Amino acid sequence: RGWQEQLKIHGGIESVLAAGDPRHRLLAIKARTPLVRITNYEALIHSGDLFHEIQWAALGLAEVHRVKNFTAKTSRAVQRLAAATPRVWALSGTPFPNGLEDAHGVLAALKPGLLPVSTKTAFEARYCVKRAIGQGPDGSPAPPYKVVGYRNVHELHGLIAQVTSRVTKVQALDLPPKLYSARECRLAGEQ
C-alpha cells in the first residue's frame, strides 16, 4: 500500500497492481505505460518466466539487502531481471549488514557488470581476507573459512559510490533529539 500511495503522489501513476507481502516489495514499471506491478521477492522466484516475458523500463528493489547472498535463488532471480532492465533503483537501511562481502550480491543486482569479477569466489579473492577456522587431518588450516578483513577497499568503495547515495537519518528526518531516562526494575525469583 505504501508503494501505491507514493507512486500516485510522486510518479503520477494511477494504475498500480499490488500483490504479496507489503514488507518486501519489488517494483517494476512496464515500459511506456502507466502500469506498475508490485510484488514480493518470493513471487519473483516462483513466477517462472512471468516477469521475464515483459521488457520492463525500470526495476525498484525495496530492502535490497535481501539479495546480498550472490548465489541464493532470490539474488539470481533479481540479477536476471536487472540484467534485462535499463534502470534499477534500490533502497535499504542496511545494504551490507554483515560487511563488504555482502556488496557482491547487492551490486550484481543494481548494476550487472559493474564489478571487475563475476563469481563469488573471485569477489572474495579480490576483496576479502579469509582465515581458516577448521583443521585438516594433519593439523593444517582447512575449510570452513571466516572473513577477517578486507583488501582493495578503496577500489570497492569507488565502485559502490558509482551506484549509491547515502542519506542519514539526520538528513532525511526532522526528528527531536533522543531522550534517555534511567529506570529501575526489580526482578523477582530467577529473573
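Please read these numbers as outputs of a predicted model, since none were measured by experiment.

Draft legend 1. Seen up close, the packing of aromatic side chains. Inspection of every chain in the model, using the stated rule, returns one aromatic pair. Ring centres 4.9 Å apart and planes at 50° place the aromatic pair F123 and Y127 in the tilted group. Of this pair, F123 and Y127 both sit in helix α5 (residues 120-127), four residues apart, roughly one helical turn.

Draft legend 2. Structural context of the pattern of salt bridges. Summed over the entire model, instances satisfying the criterion amount to three salt bridges. The shortest N-O distance in the salt bridge between E42 and R66 comes to 2.5 Å. Pair noted here: E42 is in helix α2 (residues 41-46) and R66 is in the loop between β4 (56-61) and α3 (73-83), with a separation of 24 residues, a long-range link. Linking E155 and R126 is a salt bridge whose minimum nitrogen-to-oxygen distance equals 2.7 Å.

Draft legend 3. Focus on helix α6 (residues 153-163). Along α6, the residues that are buried comprise L156, L159 and I160. Looking down the long axis of α6, one finds its buried residues gathered within 100° of arc, a one-sided arrangement. Exposed and oriented more than 90 degrees from the buried face of α6 are H154, A161 and Q162.

The rules behind these values
- Residues numbered from 1 in each chain as written.
- Predicted model: local features only at pLDDT ≥ 70, side-chain atom pairs only at ≥ 80, totals over all residues.
- Heavy atoms only, no water.
- Phe/Tyr/Trp six-rings, centres within 6.5 Å; stacked < 30°, edge-to-face > 60°.
- Helix = DSSP H or I, 4+ residues; strand = E, 2+ residues; numbered from the N terminus.
- Salt bridge = Lys/Arg side-chain N within 4 Å of Asp/Glu carboxyl O.
- Buried < 20%, exposed > 50% of the residue type's maximum accessible area, 1.4 Å probe, protein only.
- Arc of directions from axis to C-beta.

Read these as layout, nothing more, since geometry by itself doesn't imply function.
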